[in-house]
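Structural description and commentary
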Amino acid sequence: MIGKSEFGYIRNQKKINMIWLLVFVLIGVAIFLCGYLLTGTRANIFTVIAVLMVLPAAKRVVALVVMMPRKGVVRERYDTMLQAAGEGILFTDYVFTSTEKIMHLDFLLIKNGNVLGVAAPSRQDVEYMKKYLTDSVHKAASEFHVKVFEKDEQMLQYLDKLAQAEADPERTEKVREYLHSLAV
């Protein structure tokens, strides 16, 4: 099972949610048909139970709506970024939400007191994303710096210039846990 913010997460979630949606629909139809065949009418308890199968199916539809327009990163990009990350904590296929928007970063790296992200190539409000991410990170550790880049190369260049000063491991772990909890 691929956990959230790991390589291949988006592709995996699309598959899982489609399968579960199909299962809930099939179970609902099967329950309805069993009730209809047993009683000869639609007005029975089986129909009520079949209609209740809409609730878990709706949850899967919402998850698909969130994930369907998103694309995960390819292995080459991931390997390049993983190597550049070194000892840093690298999240990939990072989808998170605010009360107003669904946002998607191809990469999110926590390293040396910095949180660095690469926005996914889609129509997103990068300034809003940066502000939301900055506010979120500062809740966990106010001394961390946040930058969001539009291309991998920009982040790789920034990593080359990044100071090698280590951040407090406790604070880094707190930021990692907080950011992981934000991911969808």
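A brief structural summary. (Residues numbered from 1 in each chain as written. Predicted model: local features only at pLDDT ≥ 70, side-chain atom pairs only at ≥ 80, totals over all residues. Heavy atoms only, no water.)

1. Quick word on the pattern of salt bridges
A complete count under the given rule lists six salt bridges for this structure. For Arg75, the salt bridge goes to Asp79, with nearest N and O atoms at 3.6 Å. In this pair, Arg75 and Asp79 both sit in helix H4 (residues 75-85), four residues apart, roughly one turn of the helix. On the basis of relative accessibility, which here comes to 37%, the residue Asp79 falls in the partly exposed class. Taking the shortest distance from any N to any O, the salt bridge between Asp106 and Arg77 comes out at 2.9 Å. In this pair, Asp106 is assigned in strand E2 (residues 102-111) and Arg77 in helix H4, connecting sequence segments 29 residues apart. Accessibility expressed as a relative area gives 2% for Asp106, which makes it buried. Since its relative accessible area comes to 26%, Arg77 is described here as partly exposed. Among the charged side chains, a salt-bridge network with shared partners connects Arg77, Asp106 and Asp152. (Salt bridge = Lys/Arg side-chain N within 4 Å of Asp/Glu carboxyl O. Helix = DSSP H or I, 4+ residues; strand = E, 2+ residues; numbered from the N terminus. Buried < 20%, exposed > 50% of the residue type's maximum accessible area, 1.4 Å probe, protein only.)

2. A short note on the nonpolar core
Residues Tyr94, Leu105, Val115, Val175 and Leu179 are the most contacted members of the largest nonpolar core, which totals 23 residues. Breaking this core down by element, the ones donating at least two residues are strand E1 (89-97), E2, strand E3 (114-119), helix H5 (126-140), strand E4 (145-149) and helix H7 (169-182). The contacts of Leu179, once residues within four sequence positions are left out, are Phe91, Tyr94, Leu108, Ile110, Val115, Leu133 and Val137. In terms of nonpolar packing, the next biggest core, distinct from the first, is built from 14 residues, Phe7, Tyr78, Phe107 and Leu116 among them. (Core = buried A, V, L, I, M, F, W, Y, C linked by side-chain atoms within 4.5 Å. Contact = heavy atoms within 4.5 Å.)

3. Side note on helix H1 (residues 9-39)
With 31 residues, H1 extends 45 Å from end C-alpha to end C-alpha; this agrees with the ideal 45 Å at 1.5 Å per step. Those residues of H1 lying buried are Tyr9, Ile10, Asn12, Gln13, Lys14, Asn17, Phe24, Gly28 and Gly35. Here the buried face of H1 lies against helix H2 (45-52), helix H3 (54-67), E1 and E2. Within two residues after H1, Gly40 carries a phi angle of roughly 80°, on the positive side. (Expected span 1.5 Å × (residues − 1).)

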